[in-house]
Amino acid sequence: MTDEQKLTAAGNEMSASFLAAKKRSDETLAKLESNPSSFTMLTGDRPTGRLHLGHYFGSIKERVAMQERGVNTNIIIADYQVITDRDTTEHIQDNVLNLVLDYMAAGIDPNKTMMFTHSAVPAENQLLLPFLSLVTEAELHRNPTVKSEMEASGHALTGLLLTYPVHQACDILFCKANVVPIGKDNLPHVEITRTIARRFNERYAKKNPVFPEPAAILSDAPEIPGLDGRKMSKSYGNSIMLGATAEETAKLIKKSPTDSERRITFDPIARPQVSALLTTAGLVTGRDPKDIAEEIGDAGAGALKAYVIESVNSFLAPHRERRAELAKDMDSIRDILHDGNKRANAIAEETLDQVREAMGMKY
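The paragraphs below set out a description of the structure included in this document. Computed from a prediction, not measured in an experiment: that's the story for all the values here.

### Focus: the packing of helix α12 (residues 272–285) against helix α14 (residues 300–326)
At a minimum axis distance of 9 Å, the contact between α12 and α14 shows a crossing angle of 30°. Here α12 runs over α14; the crossing is left-handed. When α12 is examined against α14, the residues V274, L277, L278, T280, A281, V284 and T285 are found in contact with a partner set consisting of L304, K305, Y307, V308, S311, V312 and F315. Within the contact of α12 with α14, the residues separate by chemical class into 10 nonpolar, three polar and one charged.

### Some remarks on empty space enclosed by the protein
This model, assessed by the stated rule, comprises one cavity of 30 Å³ or more. Of the voids in this model, the largest cavity is the one considered here, and its volume is about 40 Å³. Looking at the largest cavity, the residues that line it are A21, R24, S25, E191, R194, P214, A215 and A216. Broken down by secondary-structure element, the contributors of at least two residues to the lining of the largest cavity are α1 (16–34), α10 (187–204) and β5 (215–218). A per-element tally of the lining of the largest cavity places α1 first, with three residues. Taken together, the residues of the lining of the largest cavity break down into four nonpolar, one polar and three charged.

### What about the packing of aromatic side chains?
Applying the stated criterion across every chain, the model contains seven aromatic pairs. Seen from their ring centres, F200 and Y204 are 5.1 Å apart, and the 50° between their planes marks the pair as tilted. In this pair, F200 and Y204 both sit in helix α10, four residues apart, roughly one turn of the helix. Given a relative accessible area of 26%, Y204 falls into the partly exposed group. Put simply, the rings of F131, F200, Y204 and F211 touch in pairs and so form one group of aromatic residues.

### A closer look at the side chain of N98
Mapped onto the elements, N98 comes out in helix α3 (residues 92–106). When sequence neighbours within four positions are dropped, the list of residues in contact with N98 reads R50 and R323.

### A closer look at the environment of N74
With respect to the helices and strands, N74 occurs in strand β2 (residues 72–77). Residue N74 is classed as buried on the basis of its relative accessible area, which comes to 2%. When the C-alpha positions of N74 and Q93 are compared, they lie 20 Å apart, and in sequence the two are 19 residues distant.

Reading guide: rules and limits
- Residues numbered from 1 in each chain as written.
- Predicted model: local features only at pLDDT ≥ 70, side-chain atom pairs only at ≥ 80, totals over all residues.
- Heavy atoms only, no water.
- Axes fitted to C-alpha atoms, helices over the stretch in contact; angles between N-to-C directions.
- Helix = DSSP H or I, 4+ residues; strand = E, 2+ residues; numbered from the N terminus.
- Left-handed = near helix turned anticlockwise from the far one by under 90°.
- Contact = heavy atoms within 4.5 Å.
- Nonpolar A, V, L, I, M, F, W, Y, C, P; charged D, E, K, R; others polar.
- 1 Å grid on protein atoms, 1.4 Å probe; cavity = no way out; pocket = protein on both sides within 12 Å on 5 of 7 lines; lining within 4 Å.
- Points joined across faces, edges and corners; volume = space filled by probe spheres on them.
- Phe/Tyr/Trp six-rings, centres within 6.5 Å; stacked < 30°, edge-to-face > 60°.
- Buried < 20%, exposed > 50% of the residue type's maximum accessible area, 1.4 Å probe, protein only.

From the geometry alone we can't say anything about function, so treat these as descriptive.
Laid out in structure tokens, this is it:
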């Protein structure tokens, strides 16, 4: 691997620990390809707003691929986790239903993938108590995602935010997930989940381990740049939403910043904003951003933005059409979620029963 290749799509250097995780990810993916039915996947999102292209290329695309390979796929809508760094649950019902719409428009099939909400599965949340006994306060404080979430929210560190990674371990382990498709930011959560699974088995279930140690499946583009060159994020306002109209998408791209140099080149370090637009175009067309830059050349930023608008809108057109059709019957969307919650509860109750038995608490 060359030095140039050791950069994320946002132009940030990949650490040694990330590269090691990527190697494990590739090895796991190879095993999954040969025997998909032996793998269970869990991943999900907090319903804090609409999904964007970063979500799609960072995780959703891989979720759909796993579903179609025959992996046992599960998606959690982590509504309880919204209040880790927010003081309100306003719009949460709308956000939850819109997540289901986006999932299904992107190719998630409720007949193959269980979709459920965090708050509707009490047995899963009860795993938090024994799991908290398996980690130290220092380990929780060291989690970089907890630190960044606290800084971004501007709030004091709450007990809920501090234990956020343990909640995610409950999400992953209640259904015995052994693979988790994620972006780079969530790697620390998977690592602490592996630690919790290992410690539980060593302490309470040496002869008959209860939990697998899940492996992260990393996206090929583990850090998706937003239109301003920073990481794509709802909080930065630099995201292209999957459910946005063609007009809204065009307006957002047109006002995205570039630089004063006319010739278009791909250089994530020296020209992050121009390179972010090229990366976006590359992701939705499957082309190399360098080839796109060479093609546009001296035509400048206006031509680049026109190309990105056309490419993104062409890519999202089928998604928008499917989403609009699904939204005509919201009662069916609610029924899909209720069915997923029922199935998740049955799985969680069984797992909690195994945990109690392993701990000698089945009376």
